[in-house]
Amino acid sequence: YDTEEHTLRELRIFLRDMCKKLANNRLFFMFTKPVDTEEVPDYTTIIKKPMDLETMMMKVDFHKYECARDFLNDIELICQNALEYNPARTSADKQIRHRACSLRDYAYTLIKTEMDSDFEDKCQEIAKKR
Ligand SMILES: COC(=O)N1C[C@@H]2C[C@@H]3O[C@]2(Cc2nccnc23)C1
(Lines give C-alpha, C1' and ligand atoms only; values in the text may rest on other atoms or scores of the structure.)
Protein backbone atom coordinates (compact mmCIF):
# COMPACT_ATOMS: atom_id res chain seq x y z
CA TYR A 1 0.00 0.00 0.00
CA ASP A 2 2.40 2.72 -1.23
CA THR A 3 0.50 5.82 -2.28
CA GLU A 4 3.54 7.17 -4.22
CA GLU A 5 3.50 4.05 -6.42
CA HIS A 6 -0.27 4.40 -6.86
CA THR A 7 0.26 8.03 -7.96
CA LEU A 8 3.01 7.11 -10.45
CA ARG A 9 0.92 4.22 -11.80
CA GLU A 10 -1.97 6.62 -12.40
CA LEU A 11 0.47 9.01 -14.15
CA ARG A 12 1.64 6.17 -16.47
CA ILE A 13 -1.96 5.32 -17.38
CA PHE A 14 -2.63 8.98 -18.20
CA LEU A 15 0.59 9.37 -20.25
CA ARG A 16 -0.11 6.16 -22.27
CA ASP A 17 -3.48 7.67 -23.19
CA MET A 18 -1.72 10.91 -24.20
CA CYS A 19 0.77 8.99 -26.40
CA LYS A 20 -2.08 7.07 -28.03
CA LYS A 21 -4.09 10.21 -28.80
CA LEU A 22 -1.03 11.93 -30.33
CA ALA A 23 0.21 8.87 -32.26
CA ASN A 24 -3.29 8.08 -33.62
CA ASN A 25 -3.68 11.58 -35.09
CA ARG A 26 -2.78 11.24 -38.77
CA LEU A 27 -1.46 14.83 -38.78
CA PHE A 28 1.45 13.64 -36.59
CA PHE A 29 2.37 10.41 -38.45
CA MET A 30 5.94 11.68 -39.11
CA PHE A 31 6.56 11.83 -35.34
CA THR A 32 5.30 8.33 -34.49
CA LYS A 33 8.58 6.46 -35.10
CA PRO A 34 12.31 7.33 -35.04
CA VAL A 35 13.58 9.01 -38.25
CA ASP A 36 15.08 6.17 -40.33
CA THR A 37 18.85 6.82 -40.29
CA GLU A 38 19.29 4.46 -43.30
CA GLU A 39 16.94 6.67 -45.35
CA VAL A 40 18.26 9.89 -43.75
CA PRO A 41 21.98 9.25 -43.06
CA ASP A 42 22.81 12.83 -41.95
CA TYR A 43 19.98 12.96 -39.40
CA THR A 44 22.07 11.95 -36.37
CA THR A 45 24.92 14.29 -37.39
CA ILE A 46 22.49 17.23 -37.01
CA ILE A 47 20.07 15.97 -34.35
CA LYS A 48 21.92 14.89 -31.19
CA LYS A 49 18.87 13.77 -29.20
CA PRO A 50 16.31 12.11 -31.51
CA MET A 51 12.86 11.54 -30.01
CA ASP A 52 9.52 10.13 -31.24
CA LEU A 53 6.15 9.01 -29.86
CA GLU A 54 6.91 5.27 -29.97
CA THR A 55 10.08 5.87 -27.91
CA MET A 56 8.02 7.99 -25.49
CA MET A 57 5.50 5.15 -25.07
CA MET A 58 8.42 2.83 -24.19
CA LYS A 59 9.75 5.42 -21.73
CA VAL A 60 6.34 5.48 -19.99
CA ASP A 61 6.50 1.69 -19.58
CA PHE A 62 10.09 1.90 -18.30
CA HIS A 63 8.98 4.39 -15.62
CA LYS A 64 11.16 7.15 -17.13
CA TYR A 65 8.54 9.87 -16.57
CA GLU A 66 7.76 10.90 -12.99
CA CYS A 67 5.55 13.87 -13.92
CA ALA A 68 3.78 15.34 -16.97
CA ARG A 69 6.43 18.08 -17.25
CA ASP A 70 9.10 15.43 -18.03
CA PHE A 71 6.77 14.02 -20.71
CA LEU A 72 6.21 17.48 -22.22
CA ASN A 73 10.00 18.03 -22.28
CA ASP A 74 10.26 15.10 -24.74
CA ILE A 75 7.37 16.49 -26.82
CA GLU A 76 9.33 19.76 -26.92
CA LEU A 77 12.40 17.77 -28.09
CA ILE A 78 10.39 16.21 -30.96
CA CYS A 79 9.29 19.71 -31.96
CA GLN A 80 12.71 21.38 -31.71
CA ASN A 81 14.37 18.52 -33.64
CA ALA A 82 11.86 18.94 -36.48
CA LEU A 83 12.38 22.73 -36.58
CA GLU A 84 16.18 22.28 -36.64
CA TYR A 85 16.37 19.51 -39.23
CA ASN A 86 13.74 20.96 -41.56
CA PRO A 87 14.55 24.72 -41.76
CA ALA A 88 14.07 25.28 -45.50
CA ARG A 89 11.36 27.44 -47.06
CA THR A 90 10.23 24.47 -49.17
CA SER A 91 6.60 23.37 -48.74
CA ALA A 92 7.75 20.00 -47.32
CA ASP A 93 9.88 21.64 -44.62
CA LYS A 94 7.21 24.25 -43.88
CA GLN A 95 4.60 21.54 -43.46
CA ILE A 96 6.69 19.45 -41.04
CA ARG A 97 7.51 22.56 -38.99
CA HIS A 98 3.82 23.45 -38.84
CA ARG A 99 2.95 19.90 -37.78
CA ALA A 100 5.68 19.99 -35.09
CA CYS A 101 4.23 23.20 -33.62
CA SER A 102 0.72 21.70 -33.78
CA LEU A 103 1.93 18.56 -31.95
CA ARG A 104 3.52 20.70 -29.22
CA ASP A 105 0.46 22.95 -28.77
CA TYR A 106 -1.96 20.00 -28.87
CA ALA A 107 0.05 18.05 -26.24
CA TYR A 108 0.29 21.03 -23.87
CA THR A 109 -3.44 21.77 -24.23
CA LEU A 110 -4.48 18.11 -23.79
CA ILE A 111 -2.48 17.85 -20.57
CA LYS A 112 -3.59 21.25 -19.27
CA THR A 113 -7.27 20.48 -19.86
CA GLU A 114 -7.32 16.76 -18.95
CA MET A 115 -4.89 16.62 -16.04
CA ASP A 116 -5.72 17.78 -12.50
CA SER A 117 -3.05 20.35 -11.60
CA ASP A 118 -2.95 19.10 -7.98
CA PHE A 119 -2.14 15.62 -9.36
CA GLU A 120 0.78 17.02 -11.40
CA ASP A 121 2.01 18.95 -8.34
CA LYS A 122 1.95 15.69 -6.36
CA CYS A 123 3.96 13.94 -9.11
CA GLN A 124 6.53 16.75 -9.15
CA GLU A 125 6.89 16.54 -5.35
CA ILE A 126 7.56 12.79 -5.64
CA ALA A 127 10.07 13.43 -8.48
CA LYS A 128 11.92 16.01 -6.34
CA LYS A 129 12.39 13.50 -3.50
CA ARG A 130 13.89 10.82 -5.78
C1 LIG B 1 10.39 14.04 -37.80
O2 LIG B 1 10.67 13.75 -39.17
C3 LIG B 1 11.70 14.48 -39.78
O4 LIG B 1 12.29 15.40 -39.22
N5 LIG B 1 12.01 14.09 -41.01
C6 LIG B 1 13.15 14.58 -41.73
C7 LIG B 1 13.40 13.52 -42.81
C8 LIG B 1 13.71 14.19 -44.12
C9 LIG B 1 12.56 13.78 -44.99
O10 LIG B 1 11.48 13.64 -44.03
C11 LIG B 1 12.02 12.88 -43.01
C12 LIG B 1 12.09 11.43 -43.38
C13 LIG B 1 12.61 11.28 -44.76
N14 LIG B 1 12.87 10.06 -45.26
C15 LIG B 1 13.38 9.95 -46.49
C16 LIG B 1 13.64 11.08 -47.24
N17 LIG B 1 13.38 12.29 -46.75
C18 LIG B 1 12.85 12.42 -45.53
C19 LIG B 1 11.25 13.08 -41.73
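Described in the following lines is the structure provided in the data block. Along every chain, residues carry numbers that run from 1 in the direction the sequence is written. A pLDDT threshold of at least 70 governs which residues receive local features in this predicted model, and a stricter bar of 80 or more applies before side-chain atom pairs are shown or counted, although totals over entire chains, interfaces and linings include all residues. Only heavy atoms go into the side-chain values, all of them from the structure, while hydrogens and water stay out.

This part is about the nonpolar core. We call a set of buried Ala, Val, Leu, Ile, Met, Phe, Trp, Tyr and Cys residues a nonpolar core when their side-chain atoms join them within 4.5 Å. Burial here depends on accessible area, computed with a 1.4 Å probe over protein chains only, as a share of the maximum for the residue type. Under 20% is buried, over 50% is exposed, and the range in between is partly exposed. Formed by 34 residues in total, the largest nonpolar core has its most connected members in Phe 31, Met 56 and Phe 71. Secondary structure counts use DSSP, requiring at least four H or I residues in a row for a helix and at least two E residues in a row for a strand, with both numbered from the N terminus. Every element with two or more residues in this core is listed here: helix H1 (3-23), helix H3 (53-61), helix H4 (68-85), helix H5 (91-114) and helix H6 (117-129). With sequence-adjacent residues up to four places away left out, Phe 31 is seen in contact with Asp 52, Leu 53, Ile 78, Ala 82, Ile 96, Arg 99, Ala 100 and Leu 103. Residue contacts are counted whenever heavy atoms from the two residues lie within 4.5 Å of one another.

This part covers the packing of H1 against H4. Running from N to C, H1 and H4 point in directions that differ by 25 degrees, and their axes come no closer than 11 Å. In terms of orientation, H1 lies roughly parallel with respect to H4. The element H1 and its partner H4 pack so that their crossing is right-handed. Residues Leu 11, Leu 15, Met 18, Cys 19 and Leu 22 of H1 touch H4, and the partners they reach there are Ala 68, Phe 71 and Ile 75. Here the residues of the contact of H1 with H4 sort into 8 nonpolar, no polar and no charged. Where helices are involved, their axes are fitted lines through C-alpha atoms of the stretch in contact, as for all axes, and angles between N-to-C directions lie from 0 to 180°. An angle counts as roughly parallel when it lies under 35 degrees, as roughly antiparallel when it exceeds 145, as roughly perpendicular when it falls between 65 and 115, and as oblique in every other case. In a left-handed crossing the near helix is turned counterclockwise from the far helix by less than a right angle, and in a right-handed crossing that turn is clockwise. Only Asp, Glu, Lys and Arg are considered charged in this grouping, and only Ala, Val, Leu, Ile, Met, Phe, Trp, Tyr, Cys and Pro are considered nonpolar; every other residue, Gly among them, is considered polar.

Throughout this description, the term salt bridge denotes a Lys or Arg side-chain nitrogen within 4 Å of a carboxyl oxygen of Asp or Glu. According to the stated counting rule, one finds 11 salt bridges in the structure shown. For the salt bridge of Arg 104 with Asp 105, the shortest nitrogen-to-oxygen distance reads 3.2 Å. Here Glu 125 makes a salt bridge to Lys 128, at a shortest N to O gap of 2.7 Å. Separated by 3 residues within a single helix, Glu 125 and Lys 128 lie in helix H6, roughly one turn from each other. Overall, Glu 125 belongs to the partly exposed group, its relative accessible area being 43%. Residue classification places Lys 128 among the exposed residues on the basis of a relative accessible area of 62%. Residues joined by salt bridges that share partners form a network here, namely Glu 4, Glu 5, Lys 129 and Arg 130.

The next subject is the state of the cysteines. The definition used for a disulfide is geometric: two cysteine sulfur atoms within 2.5 Å. A full pass over the atoms with the stated rule returns 0 disulfides. Counting only cysteine sulfurs, Cys 101 is the nearest neighbor of Cys 79, a cysteine outside any disulfide, at a range of 4.7 Å. Cys 101 gets classed as partly exposed once you look at its relative accessible area, which sits at 24%.

Only heavy atoms are used to decide nearness, and a residue is near a molecule or strand if one of them lies within 4 Å of it. Near the ligand the following residues occur: Met 30, Phe 31, Val 35, Glu 39, Val 40, Tyr 85, Asn 86 and Ile 96. Contacts to the ligand include Asn 86, whose side-chain N or O atom sits 3.0 Å from an oxygen atom. Note on areas: these come from Shrake-Rupley sampling with a 1.4 Å probe, and a residue is covered only by the protein chains present in the view. In the complex, the protein chains occlude 62% of the 410 Å² of accessible area that the ligand would expose alone. Looking at side-chain class alone, the shell around the ligand contains 6 nonpolar, 1 polar and 1 charged residues. Any N or O atom pair separated by 3.5 Å or less is treated as a polar contact, with the protein-specific requirement of one donor-capable and one acceptor-capable atom, and with residues adjacent in sequence counted only for side-chain atom pairs.

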